[in-house]
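Structural overview for review
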Amino acid sequence: MKYYSLNNKAKEVSFKDAVIKGLAEDKGLYFPEEINPISNEIIENINNYSNEEIAFAAIQQFVGDEIPESILKNIIAETLRFDFPLVTIEDNIKTLELFHGPTMAFKDVGARFMARCLGYFNRDSDREVTVLVATSGDTGGAVASGFLGVKNVKVVILYPSKKVSDVQEKQLTTLGANISALEVDGTFDDCQAMVKKAFLDSAITDSKQLTSANSINVARWLPQMFYFFFAYKQLQDKNKKLVFSIPSGNFGNICAGMMSKKLGLPIHQFIAATNINDVVPKFLETGEYNPKPSHQTISNAMDVGDPSNFIRIQKIYNDDLETLKGDLHSYSFTDEETKKAMLHIYHNDNYIADPHGAVGYLGCKKYQENNPNTQCVFLETAHPVKFLDVVEPVIEKSLEYPPQIEAVINKTKKATFIKTYDALKAFLLTK
Ligand SMILES: *Cc1c(COP(=O)(O)O)cnc(C)c1O
C-alpha cells in the first residue's frame, strides 16, 4: 500500500517508510491511497472469526506485502494479548473496555503494533532507531511498555515534571533497558517543543535516526480500527442501529472508527464526545475550524486545542461538510457534567467510569434524547485507577490497584531531570 501526504507536496511512500518517518517531509499526515471494503462474509459471520482473524482482515491491505503474512499474523497475536469486553451499562447503552492492556489505556494496542512493525523493519539494520516522544500522560506509558526490548530501537520519553499522575509516572520511568525517561522542568507544550526542535536539528539527525510514536503514525492509528469490529462482534442484536460515542482528543481513535465503516462495518452514527476543548463541535455547528490553546480539564488526555487527526477525518469524507455531518455528531461537556455522570453511572449502573469514559457516556445520552431507537457503545479508554485523584473524591470510594499497576507502583523511578533543549541534545548525542 502506498501512502501520500495530506499536504500533497511530499512524494508517496511505502507503509514501511510511513512508519519509519511518522510525518511526511512537507509536515503532512500520511493517508492510504486506497481504502477497500473487506469481505462481506466476514462481517455477516463475524462471530465465527477470532479477534486475530478479524484484525488481520482489517489491516492487511494497509500493510500490503511489506510484512509477510505469517509475520503480520504474529505481530497481531502479540498485540492483542488481552480482552476487549463489551459491558452493558443501561438499556441500549454499552461500553467497550479498552483498558485491559499492560498500561490500562487504549493506546496500548497502537503502541504494541507499531513497536513490532518497527522491530521487523529494522531487523537487519545495524543502525539504531531512536523513538522520541513527548507525553502528557498515557502515551508515554503505552510507548514505553510497547517498545520494551524491541531490538535496535531506543525510546526517549519527555514528560512534564509533576504534571502526570503517580501511576503514569511509574509506568514510564521504571522499565529501564531500552527505555529512558526525561523529566522536564516545564509543561507538556515545552516537552513537545523540545521534541519538534530535535527533529529539525541536523547536529542530532546526522548521527541518529529519529522517529515519533504519537497517533499521527499510521502504525499507531490504523490498528484502532479493530476495536469497532470487536464491539460489533459482541453485540447480541446486530440489527438495531449502532452508534459509537468516542471520547476524543486528537481524534485518532474516532478516525479509525470511520475507517472501519469504510471497510464495511454497519455503523449508523459516530459521536465525538469532547470536554470543553470544543473545536470540532463548534466546527460542525458553524463550518469554521478555529484551533485554540487547550484548556485543562479532568479528562486531560483530551485537552487538545487543534486535533491532529481531524484532517484525516475530512479526507475520509472528501472534505464535504454535509456528508460528514450525516455521520458525525459532536458534543462538548464540562467537568461538572462529567463528574455528575461518573456519580450517576456509579450509583445507578454500579459501574465505575473514568472521566474520559464518562464523557463518552454523556455523548450517548445526548444523542439518544432525539434518537431513542438506537444502541450506543461508548469507548472506555482508560481504567479509572489511572485517574484516581479525580475518580475517588467523586464517587467517595477508594479503588484497588489492578495487577498491572501493582507491578510498577512500588518500583523505583529512574528519570533524568532536564531544564533546557541543550540538555536534551546532550542526552541524545551521548546515549
Ligand atoms: C489518548 C486518549 C484519549 C483521546 O484519544 P484520541 O485518539 O486522541 O482522540 C481519550 N481517552 C484516553 C484515556 C486517552 O489516553
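None of these values were measured; they are calculated from a predicted model. (Residues numbered from 1 in each chain as written. Predicted model: local features only at pLDDT ≥ 70, side-chain atom pairs only at ≥ 80, totals over all residues. Heavy atoms only, no water.)

A few words now on the environment of Asp190. Mapping Asp190 onto the fold places it in helix H8 (residues 188-199). Taking relative accessible area as the criterion, Asp190 reaches 35% and is therefore assigned partly exposed. Along the primary structure Asp190 and Ala353 are separated by 163 residues, whereas in three dimensions their C-alpha atoms are 31 Å apart. Of the polar contacts made by the side chain of Asp190, one reaches the backbone nitrogen of Thr187; its length is 2.8 Å. (Helix = DSSP H or I, 4+ residues; strand = E, 2+ residues; numbered from the N terminus. Buried < 20%, exposed > 50% of the residue type's maximum accessible area, 1.4 Å probe, protein only. Polar contact = N/O pair within 3.5 Å; in protein donor to acceptor, adjacent residues only side chain to side chain.)

Looking now at the pairing of strand S4 (residues 86-90). When S4 meets strand S5 (residues 93-97), the two strands line up antiparallel, connected through 4 bridges. Across the sheet, the residue bridging to Leu86 is Leu96, located in S5. Counting the residues that bridge the hairpin from S4 to S5 gives 2 residues, and of these Asn92 lies at a positive phi of roughly 65°. (Pairing = 2+ DSSP bridges.)

Attention now goes to the packing of aromatic side chains. Evaluation of the coordinates by the stated rule reveals 17 aromatic pairs. On the basis of an interplanar angle of 50° and a centroid distance of 5.1 Å, the ring pair of Phe84 and Phe230 is categorised as tilted. Note that Phe84 is positioned in the loop between helix H4 (69-79) and S4 and Phe230 in helix H11 (residues 225-234), a separation of 146 residues in sequence. Note on Phe84: relative accessible area 4%, which makes it buried. Put simply, the rings of Phe82, Phe84, Phe106, Phe226, Tyr227 and Phe230 pair up and form one aromatic cluster. The positively charged end of Lys366 is found above the aromatic ring belonging to Tyr331, 5.8 Å away from the centroid. (Phe/Tyr/Trp six-rings, centres within 6.5 Å; stacked < 30°, edge-to-face > 60°. Lys NZ or Arg CZ within 6 Å of the ring centre and 35° of its normal.)

For the rest of this paragraph, the subject is the sheet that holds strand S2 (residues 13-14). Strand pairing in a sheet is mediated by backbone hydrogen bonds. Such pairs are either parallel or antiparallel. With antiparallel pairing, 3 strands are arranged side by side in an open sheet as S2-S1-S3. Strands at the two margins of the open sheet, each flanked by one partner only, are S2 and strand S3 (30-32). Taken together, the 2 bridges between strand S1 (residues 2-5) and S2 define a ladder with antiparallel strand orientation. Its bridge partner being in S2, Tyr3 is matched across the sheet by Val13.

Next up on the list: the side chain of Ser248. Its place among the elements puts Ser248 in the loop between strand S10 (242-247) and helix H12 (252-262). For Ser248, the side chain forms a polar contact with the main-chain oxygen of Ile246, separated by 2.9 Å. Apart from residues no more than four positions distant in its own chain, Ser248 is found in contact with Ile254, Ala272, Ala273, Thr274 and Met302. (Contact = heavy atoms within 4.5 Å.)

Okay, the site of the ligand next. As a structural note, the neighbourhood of the ligand is formed by 15 residues, with Lys107, Asp138, Gly249, Asn250 and Thr381 the closest of them. Take Phe251: an N or O atom from its main chain is 2.9 Å from an oxygen atom of the ligand. Protein contacts shield 97% of the accessible area of the ligand, which totals 390 Å² for the unbound molecule. Counted by class, the shell around the ligand contains 6 nonpolar, 7 polar and 2 charged residues. (Near = heavy atom within 4 Å. Areas by Shrake-Rupley, 256 points an atom, 1.4 Å probe, with all protein chains shown as cover. Nonpolar A, V, L, I, M, F, W, Y, C, P; charged D, E, K, R; others polar.)

To continue, consider the pattern of salt bridges. Counting across every chain of the model gives 14 salt bridges. Put simply, Glu90 and Lys365 hold a salt bridge, and the shortest N to O gap is 2.8 Å. Of this pair, Glu90 sits in strand S4 while Lys365 sits in helix H17 (residues 355-370), and the two are 275 residues apart along the sequence. Judged by its relative accessible area of 16%, Glu90 is buried. Through salt bridges with shared partners, a single network forms among Glu169, Glu183 and Lys413. (Salt bridge = Lys/Arg side-chain N within 4 Å of Asp/Glu carboxyl O.)

A few words now on the side chain of Ser299. Looking at the element boundaries, Ser299 is found in the loop between helix H13 (279-286) and helix H14 (310-316). With residues up to four places along the chain from it excluded, the contact list for Ser299 reads Asn275, Pro355, His356 and Val359.

When the UniProt feature table is mapped to this numbering, "modified residue: N6-(pyridoxal phosphate)lysine" (unreviewed entry) covers Lys107. Its place among the elements puts Lys107 in helix H5 (residues 107-121). When sequence neighbours within four positions are dropped, the list of residues in contact with Lys107 reads Asp138, Thr139, Ala142 and Arg220. (UniProt positions renumbered as here; feature names shortened; annotations may be inferred.)

Now for H4. What H4 keeps buried is the set Leu72, Ile75, Ile76, Ala77 and Thr79. In the core, the buried residues of H4 are packed alongside helix H3 (51-63) and H5.

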